[in-house]
Amino acid sequence: MSLSITLTLNGATRAVALDDMRVTLLDLLRERLAMPGTKKGCDRGQCGACTVLVNGKRVNSCLTLAATLDGAEITTIEGLAKGEALHPVQEAFIKADGFQCGYCTPGQIMSAVGLIAEGRAGDDPERIREGMSGNICRCAAYHGITRAVQEATRRMAEEQKGDAA
Amino acid sequence: MPDTTQPIRFGSNAGQPVSRRDGIAKVTGAAPFAADNQPDNLLHAVYAPAAIARGRVTHLDVAAARAHPGVTHVFTPANRPALEGDPDDKPTMFSFRVEVLQDDTVRYAGQPIALVLAETLEAAHEGVRLLAPRYDMEPSRVTLDDATPFDVEPGGFGRPAATVHGDVEAGHAAAARAIDVTYETAAQYHNAMETHAIVAQWDGDRLHLDVPTQALNISCAAYAAFFGIPAENVTISSPYLGGGFGSKAIPIGPNVLAILAARAMGRPVKLMLTRQQMFGPVGHRGATRQRLRLGTDAAGALTVIDHDGLSATSTFDDFMEPAANASQGLYAAGALRSTHRGVRLDIGTPGPMRAPGEASGSAALECALDEMAEAAGLDPLDFRLINYAETEPGTGKPYTSKALRECYAQGAERFGWAGRPLAPGQMRDEQGMLTGWGMGTALFPCPMFFAEARATLRPDGTALFETSAADMGQGAWTSLAQIAADSLGLPLEKVEFHAGHSSLPDGGVAGGSGHTATAGTALHTAGIDVVRQLGEIASADPDSPLHGAGNARFVAHDGRLWIEGDDQRSDAIEEIVMRAGGVEITGQGQGGRPQEVGETYAMNAHGAVFAEVKVDPDLGQVRVSRLVGAFAAGRIINPKLVESQLMGGMIWGLGFALHEKASHDPATGRILNADLAGYHVPVNADVQGLEVITVHEDDPHVNPLGIKGVGEIGIVGTVGAIGNAIWHATGKRIRHFPIGIPDLLG
Ligand code: FES
Ligand code: FES
């Protein structure tokens, strides 16, 4: 049995034929669409490595069946930078050394982008730590991650102010 | 061997807090990890793990699995193709016996019992489920009390020897005060975020592997041995590791199965362990029970440290956690004894996990030391200072350098240790939380392995440096390039650095906190070899200001070549090369430690960790509210990355102290909490008030670069510091790790 869905993936709308109803968004990206930037750390919603944005909200792509996503807009780590220009969260992660091995990093960054958009944490470190705790980093780069999210939050708020002015 | 008589000056790159050079690749998702590879015609492999710890597999529904659409093949012990190498042999020093469907015996839960190959990952997983194994189960032995201990036969890797210095019985007899305490540490699992993964491709009798490994060239030899091909027929690409922590240093059975399947099917095979499978055939930190008998004289000087460790290993291989060794080398006791015993359980073979021996041993030692200080009525820091070792205890060897006193002083100062009440249970915060302060000393040896490197100076003034061993997150892409650039006096952006492929010069092992020192020395000497050749060219060139310099020593900095100690004569490197006809100059380097250095000196990195905990008096919940670590680890090549690594290590210490424990089901022997929901590792919300101080240390002896290594020491003092802080908050001395809510309730 096969089904075709339409996705807007990192800004480009495309039809995707699903060969199997069991396919998760994570395995669709990684194994079928040649987009392995999103990582698998547990495949059951326990680590956050697979975090992407679906319709602007952060979700664990390993827990999301691709078949449920017809018409959805999806942003992955590959779609965050604008050409050479990194997203402020990506820049902040490099500057604050918010990673070591880099394996959890795509998920951390997508989660941070989602968290900032939720607007619940601001630049309060304690709330950021809480809001980022669905993303495990075994290298334990948490200190840098928190600082990176703080810094990106501030910078994005300033840029928004600048845009509004 | 490098010249160890000449300490090396700081270049302009070493010491700089440069951001990771692989940063952009990592934040954009472009950094390729092994399982990201997707060759054409790929088959997916998933293995079935045993659900019991001991017995036999009596039935597998192979027909049901094979009938599932997409499943192409099922391997079981009945039809597994032959291997040329004996899986019970250990092809290299860093190998364990692997389980690759030899027979139907189950030796531990999680052992591979069948392998399913399919066109899709979904079909392979479903095939595994359909196998519905049945077992003949025997009672399993999974706790330290379930089998009879044996004395460890010393024999290198995984079989620690006993060490005795001084008259232990006299030390006991001389004690005015003594304690006799037993601590336990739990089985812990590495759980790198990237699970083990491999993509195996054969081309005739040549094998290419995309597989994360901390030891590329050793792994080539090991995998080659299983398949009866020369090591040079195997190439491994391992540019990025999603964390290693020791578990990716050792060839593992599932990888052998994937390679075997690829050969049998004539197609590339990808196998990625599930998170649950990370609790099985890929090593772990074995459980320990440690008895410590300490004595002091009336003034508080230690007369004896007598440390016996009981370590769990598997029924079929040896890796006994060398925990008791942590008591050697640190405190100036009159007598020292470290002994090890093992116990064979129905578990996967343990292995090295970040600070093997030191982490578990120090956890027990530092708490015992606190108990001894308490018995002597002394402040824990004062007690450690009374017993400060100026030379290595037992051997009397001088330390190459030891700024531990400064670590104590700077850490205590930053933490605000002064004024700590001696008695426990004295401090509460505004919320009424019981508050306690504890400390621990950290020590980690400075091993060097062996590595080779190549430096190529190109006519355009840029350079290429190459060594195989990879970056698993410690920052080698960056710090090794900094060392390399300094050897040629080049700015970092002119240096290209290649690593992570077995075809490059053998970079040795990225592990044991020795990679920066070992591969760094190899890269440095390769650069120096280029400088030497440049000097020869310039010296022979009548047009060079360095003409006739003969066998003077040359140094390179600021893009020029100089005669050492003479700042009048120099020549631009680019011009030397240009006048010589625009040649490429290639230098070779090696890194290792001359044996005499180890015989003459004791070499360790040191540190002091101070912890503050808050314990909820009603709920028993523990929070670590502050953690300050001061470390002296020789020359720091990149302070930004070093801070990250030390912090990461300290957070591992927090996980050891409060979270990490694999619990076995007594009925089946299976690990009950084999996933990240059940096996807790620290998350972001666990981490606050973390501070790292790096204490300046010049070490002219440890290696020419003065590097000691920081990968593991962070975990070492932290566990004890947290345990001691919990005692100080509550008055409860919990003698096992992790310490949980049930321990502190009531
Ligand atoms: S892979 Fe999805 S949460 Fe871990
Ligand atoms: S950077 Fe390695 S797991 Fe987060």
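Remember, it's a predicted structure, so these values are computed and weren't measured experimentally.

1. Focus on the UniProt feature "domain: Aldehyde oxidase/xanthine dehydrogenase a/b hammerhead" (unreviewed entry) in chain B
Mapped onto this structure's residue numbering, the UniProt feature "domain: Aldehyde oxidase/xanthine dehydrogenase a/b hammerhead" (unreviewed entry) falls at residues 28–139 of chain B. What you have in residues 28–139 of chain B is 14% helix and 27% strand, and the ends, taken at the C-alpha atoms, are 50 Å apart.

2. Let's talk about the interface of chain A and chain B
Contacts between chain A and chain B engage 48 residues on the former and 60 residues on the latter. Counting each side, the surface lost to burial between chain A and chain B is near 4300 Å², with a carbon and sulfur contribution of 55%. Taken together, the links from chain A to chain B amount to 7 salt bridges. Salt-bridge contacts for B:Arg20 lead to A:Asp97; the nearest nitrogen and oxygen are separated by 2.6 Å. Applying the counting rule to chain A against chain B returns 28 residue pairs in polar contact (both at pLDDT 80 or more). Residue contributions to the side of chain A that touches chain B peak at 5 residues, all from helix α5 (residues 142–164) of chain A. By residue class, the composition of the side of chain A that touches chain B is 21 nonpolar, 10 polar and 17 charged.

3. Observations concerning the packing of helix α10 (residues 476–487) of chain B against helix α11 (residues 515–540) of chain B
Residue and element names in this part refer to chain B. The contact between α10 and α11 brings their axes to 8 Å, and the two run at 30°. Between α10 and α11, the interaxial angle falls into the category roughly parallel. Between α10 and α11 lies a crossing whose hand is right-handed. Contacts between α10 and α11 pair Ala476, Ser479, Leu480, Ile483, Ala484 and Ser487 from the former with His515, Thr516, Ala519, Gly520, Leu523, His524, Gly527, Ile528 and Val531 from the latter. Its residues placed into classes, the contact of α10 with α11 shows 8 nonpolar, 7 polar and no charged.

4. Things to note about the sheet that holds strand β23 (residues 560–563) of chain B
Residues and elements named next belong to chain B. Here we have 3 strands laid out as an open sheet, ordered β22-β23-β24, and antiparallel in their pairing. Because the sheet does not close on itself, it has two edges, and the strands there are β22 (554–557) and β24 (566–572). Strand-to-strand twist across the sheet, computed as the mean angle between neighbouring axes with direction ignored, equals 35°. Sheet topology places β23 next to β24; 4 bridges connect them, and they run antiparallel. Residue pairing for β24: leucine 561 is matched across the bridge by aspartate 571.

5. Comments concerning unusual backbone geometry
All names here are of chain B. The omega torsion of the bond from phenylalanine 737 to proline 738 falls at 0°, within 30 degrees of zero and hence cis. Examined against the element boundaries, proline 738 turns out to sit in the loop between β29 (736–737) and α16 (741–744). You will see that leucine 101, though not glycine, has its phi angle at about 60°, which is positive. Within the fold, leucine 101 resides in the loop between β3 (71–75) and β4 (105–106). Judged by its relative accessible area of 4%, leucine 101 is buried. Although it is not a glycine, asparagine 191 sits at a positive phi angle of roughly 50°. Note that asparagine 191 resides in the loop between β9 (177–185) and β10 (197–203). Of the residues examined, asparagine 191 reaches a relative accessible area of 2% and is grouped as buried.

6. Re the sheet that holds strand β5 (residues 112–118) of chain B
Residue and element names in this part refer to chain B. Across the sheet, which stays open at both edges, the 7 strands sit in the order β3-β5-β1-β13-β10-β11-β12 with mixed pairing between neighbours. The strands lining the two open edges of the sheet, one partner per strand, are β3 and β12 (234–237). Across the sheet, the mean angle from the axis of one strand to that of its neighbour is 20°, orientation sign disregarded. Here strand β11 (residues 206–210) runs beside β12; their pairing, made up of 4 bridges, is parallel. Following the sheet pairing, histidine 208 is matched in β12 by threonine 235. Sheet strands touched by helix α3 (residues 121–130): β1 (43–49), β3 and β5. Its angle to β1, the strand with the most contacts, is close to 25°. The strands touched by helix α5 (residues 216–227) within the sheet are β10, β11 and β12, with β12 carrying the most contacts at an inclination of about 135°.

7. So, empty space enclosed by the protein
This model, assessed by the stated rule, comprises 8 cavities of 30 Å³ or more. By volume, the largest cavity is sized at about 190 Å³. In terms of lining, the largest cavity is formed by 21 residues, of which the most central are B:Phe96, B:Pro281, B:Val282, B:Gly283 and B:Thr349. The computed volume of the second largest cavity comes to approximately 160 Å³. A:Lys40, B:Leu121, B:His125, B:Met272 and B:Leu273 are the residues nearest the centre of the second largest cavity, which is lined by 17 residues in total. Those elements that provide at least two residues to the lining of the second largest cavity are β1, α3 and β13 (269–272) of chain B.

8. As for the domain arrangement of chain B
All names here are of chain B. Assigned domains of chain B: these are domain 1 (23–30 + 450–592), domain 2 (35–139 + 196–278) and domain 3 (357–447 + 599–745). Just the C-alpha atoms count here: the centres of domain 1 and domain 3 sit 38 Å apart. Listed per partner, the contact involves 14 residues of domain 1 and 14 residues of domain 3. Carbon and sulfur atoms supply 63% of the area that domain 1 and domain 3 bury against each other, a total of about 1100 Å² over both sides. The three residues of domain 1 that bury the most area against domain 3 are Gln474, Ser513 and Ala517, which together make up 40% of that side's buried surface. Those elements that provide at least two residues to the side of domain 1 that touches domain 3 are α10 and α11. Looking at the side of domain 1 that touches domain 3, the element that brings in the most residues is α11, giving 5 residues. Tallied by class, the residues present in the side of domain 1 that touches domain 3 amount to 2 nonpolar, 12 polar and no charged.

9. Focus: α5(B)
Residue and element names in this part refer to chain B. Counted at 1.5 Å a residue, the expected span for α5 with its 12 residues is 16 Å, and the 17 Å between its end C-alpha atoms agrees. Burial runs high along α5: 9 of the 12 residues are buried. Packing partners of the buried residues in α5 comprise β10, β11, β12 and α6 (253–265). Positioned one or two residues after α5, glycine 228 has a phi angle of 65°, which is positive.

10. Observations regarding the confidence of the model for chain B
Residues and elements named next belong to chain B. With 99% of its residues at a pLDDT of 70 or more, chain B shows a mean pLDDT of 95. Counted against residues more than four places away or in other chains, residues 1–7, with its pLDDT under 50, gives 18 contacts. On the interface metric, ipTM, the complex scores 0.98, and its pTM is 0.97.

Quick notes on the rules
- Residues numbered from 1 in each chain as written.
- Chains lettered and ligands numbered in written order.
- Predicted model: local features only at pLDDT ≥ 70, side-chain atom pairs only at ≥ 80, totals over all residues.
- Heavy atoms only, no water.
- UniProt positions renumbered as here; feature names shortened; annotations may be inferred.
- Helix = DSSP H or I, 4+ residues; strand = E, 2+ residues; numbered from the N terminus.
- Contact = heavy atoms within 4.5 Å.
- Buried area = accessible area lost by both parts, 1.4 Å probe.
- Salt bridge = Lys/Arg side-chain N within 4 Å of Asp/Glu carboxyl O.
- Polar contact = N/O pair within 3.5 Å; in protein donor to acceptor, adjacent residues only side chain to side chain.
- Nonpolar A, V, L, I, M, F, W, Y, C, P; charged D, E, K, R; others polar.
- Axes fitted to C-alpha atoms, helices over the stretch in contact; angles between N-to-C directions.
- Parallel < 35°, antiparallel > 145°, perpendicular 65-115°, else oblique.
- Left-handed = near helix turned anticlockwise from the far one by under 90°.
- Pairing = 2+ DSSP bridges.
- Buried < 20%, exposed > 50% of the residue type's maximum accessible area, 1.4 Å probe, protein only.
- 1 Å grid on protein atoms, 1.4 Å probe; cavity = no way out; pocket = protein on both sides within 12 Å on 5 of 7 lines; lining within 4 Å.
- Points joined across faces, edges and corners; volume = space filled by probe spheres on them.
- Domains from an automatic or database assignment.
- Expected span 1.5 Å × (residues − 1).
- pLDDT = per-residue confidence, 0-100.

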